[in-house]
Every structure is written in structure tokens, then in C-alpha cells.
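Structural description and commentary
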Amino acid sequence: MIHPKAKEEVEKLIDKIRREGARVKSIIVFGSATRNEDFRPSISDIDVAIIIDKMEDLSEDVLKDISKDLEIGVFTAGQFLELWINGDPLAHMIWLEGVAIVDDGFYEELKARGKPRITELTLMKLRFWGLKDLAEAVKPGVSRDKGLRSLHHAVRNFARLRIARDRDIFVITDDEVLKNLNEALSRRYEDFLERLKRNMEYYEQLIFEAMDVMELLDGRPLPRLDEILRITTNEK
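Source: prediction; values computed, not measured. Going along each chain's sequence as written, the residues are numbered from 1 onward. Per-residue local features are limited, in this predicted model, to residues with pLDDT of at least 70; the limit for side-chain atom pairs, both in listing and counting, is 80 or more; totals at the level of whole chains, interfaces and linings are taken over all residues. With hydrogens and water excluded, all non-hydrogen atoms of the structure serve as input to the side-chain values.

This next bit is on the layout of surface pockets. Definitions used throughout: a 1 Å grid over protein atoms alone; a cavity as a set of points that fits a 1.4 Å probe which cannot get out; a pocket as an open set with protein on both sides within 12 Å along at least five of seven lines; a lining residue as one with an atom within 4 Å of a point. Grid points are joined across faces, edges and corners, and a volume is the space filled by probe spheres set on the points. Approximately 160 Å³ is the volume attributed to the second largest pocket. Taken together, His92, Trp95, Leu96, Lys115, Pro116, Arg117, Ile118, Asp168, Ile169 and Phe170 make up the full set of residues lining the second largest pocket. Each residue is assigned to one class: nonpolar for Ala, Val, Leu, Ile, Met, Phe, Trp, Tyr, Cys and Pro, charged for Asp, Glu, Lys and Arg, and polar for all the others, Gly among them. Looking at the lining of the second largest pocket, its residues break down into 6 nonpolar, 1 polar and 3 charged.

This next bit is on the sheet that holds strand 2 (residues 46-52). With mixed pairing, 4 strands are arranged side by side in an open sheet as 3-2-1-4. A strand with exactly one partner marks an edge of an open sheet, and here the two such strands are strand 3 (70-76) and strand 4 (99-103). Mean inter-strand twist for the sheet, computed between neighbouring axes without regard to direction, equals 20°. In this description, strands pair whenever DSSP reports at least two bridges between them. Secondary structure elements are taken from DSSP: a helix is a run of H or I of four residues or more, a strand is a run of E of two residues or more, and numbering for both begins at the N terminus. Across 4 bridges, the pairing between strand 1 (residues 26-30) and strand 4 is antiparallel. Its bridge partner being in strand 4, valine 29 is matched across the sheet by valine 99. Contacts are residue-level and defined by heavy atoms, with any inter-residue pair within 4.5 Å sufficient. Note on definitions: angles span 0 to 180 degrees between N-to-C directions of axes, and those axes are lines fitted to C-alpha atoms, for helices only across the stretch in contact. Against the sheet, helix 2 (residues 77-86) engages strand 2 and strand 3, with an angle of about 100° to strand 3. Relative to the sheet, helix 3 (residues 89-97) contacts strand 1, strand 2, strand 3 and strand 4, its axis offset from that of strand 1 by approximately 85°.

Once that is clear, we can look at the pattern of salt bridges. Salt bridge criterion: a side-chain nitrogen from Lys or Arg within 4 Å of a carboxyl oxygen from Asp or Glu. The final tally for this structure, using the stated rule, is 25 salt bridges. Between glutamate 8 and lysine 12 there is a salt bridge; the shortest N-O distance is 3.8 Å. On the criterion of helical spacing, the pair formed by glutamate 8 and lysine 12 is a turn pair, its members being 4 residues apart in helix 1 (residues 4-19). Partly exposed describes any residue whose relative accessible area lies between the buried limit of under 20% and the exposed limit of over 50%, with all areas from a 1.4 Å probe on protein chains only and scaled to the type maximum. You can call glutamate 8 partly exposed: its relative accessible area is 38%. For lysine 12, a relative accessible area of 45% gives the class partly exposed. We note a salt bridge from aspartate 61 to lysine 64, for which the minimum N-O separation is 3.2 Å. Ionic contacts of the salt-bridge type, sharing partners, join the residues Arg127, Arg162, Arg165, Asp166, Asp218 and Arg220 into one network.

Written out as C-alpha cells, the structure reads:
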């Protein structure tokens, strides 16, 4: 089930793709847009994966002047299959909650292969995503609302990492995180969520609390903030 506002924006994208005559294999919506209770119009991103045969099938012009709420990833069928085989977290998220709005059979056949595995790449990417979210939260000039969302995502990605590493399963929502962490970690995670929700503390305090929880979840110290910014800025 896709949130009506998200579906409206995706339908506009599909109309534009069709007008331009671009060829696509699948257009898949995932993330909070498929969880009505978590989606916040004009605040939440609308995550969309577009699968094509080759990059020339979809020109960059087609994706210009689209809604700023759309977060689009474009992959060839070969690239997406590789993500699936290697256990990329993106593949796990799409397996668990992806909704195909357009599909020539590629996505249906891929799902029939079964869910992706938890691999070293799964763990490495989740850690990197968490560090990248933390880097977004400490950027100069970041708004408080955006910063709080980034801190939430950073800690949640480290919780996903811990659960994937310890239990060999991939989780998405906060409820799933709380159910699959051990009692002590679950309490600490829930307390952090409550502090974000109350939004009564100095922003810097929440940054340090997020970093403490991330270290607890990962079981090792985080890199220094300047190192985190360097690592995430140099992403290929």
C-alpha cells in the first residue's frame, strides 16, 4: 500500500517517463512511502528504484524538474541483480517492502529467487549509511528538523547492523528494531527515540547521545567526526 500523496508524485514521474518515450523495466516504490503510518508528506522522501536495460534507455533530462520529494535510484537490470546477489541493504529493503508500479516481469522474477542474504557487504553498507546520516546531522547550517531525522536514521542503521550481525535478519522499522535487540539495547534505543520525540534538549547533546548509542550498538568506537566527514564525502 503506497501513501496516496506519494503515489500521486510517482504517477507524475511515470507520466513524464512515458511522454519522453523512455524505456524502463520496473519502477519500484519502497521506504516509508509504503508504510502509511510512517510517511509524512513534504517531509519524508519518496524512495523509488528505476530499473532499465542500459543507461542510455533513460536520459538525465527525463529526471529533471521532478518533485524534490522523490529520491530516485536508477540501475540497469545487471546492476540491480548484483545488488541482490551481494546482499546490499537496498536489495533487502526492496525485497521486504517494495511495491512495483511498473514491471515487465523483471522484479517479479527477481523476487521469485528468494530474499537476499545477510553478507559482509550488508554490514559494511549499513555502517556506512549510519555514518553518512551522522555526517548530515553535523553539517554546518543544518536545520534542527533535518538534523533530528538524520540522527534517528543514523542510530537506526547501526541498530539494523547489530541485528543483522547478531541474528542474521534484516529489519526496517523502529518496532522491528525494538523487538530484535536484546533487552538492554532495546531500552537504550527506545530512550533515544523518546528524547528525539520530546525535542527539549540542546541539539549538541542529542548528537553526543546518538554517537554513544551508535558505539554501544556497534561494539566499538566511532571514528572522529572529521574522519567521518572525510569518509562519507569521498564516497564513490
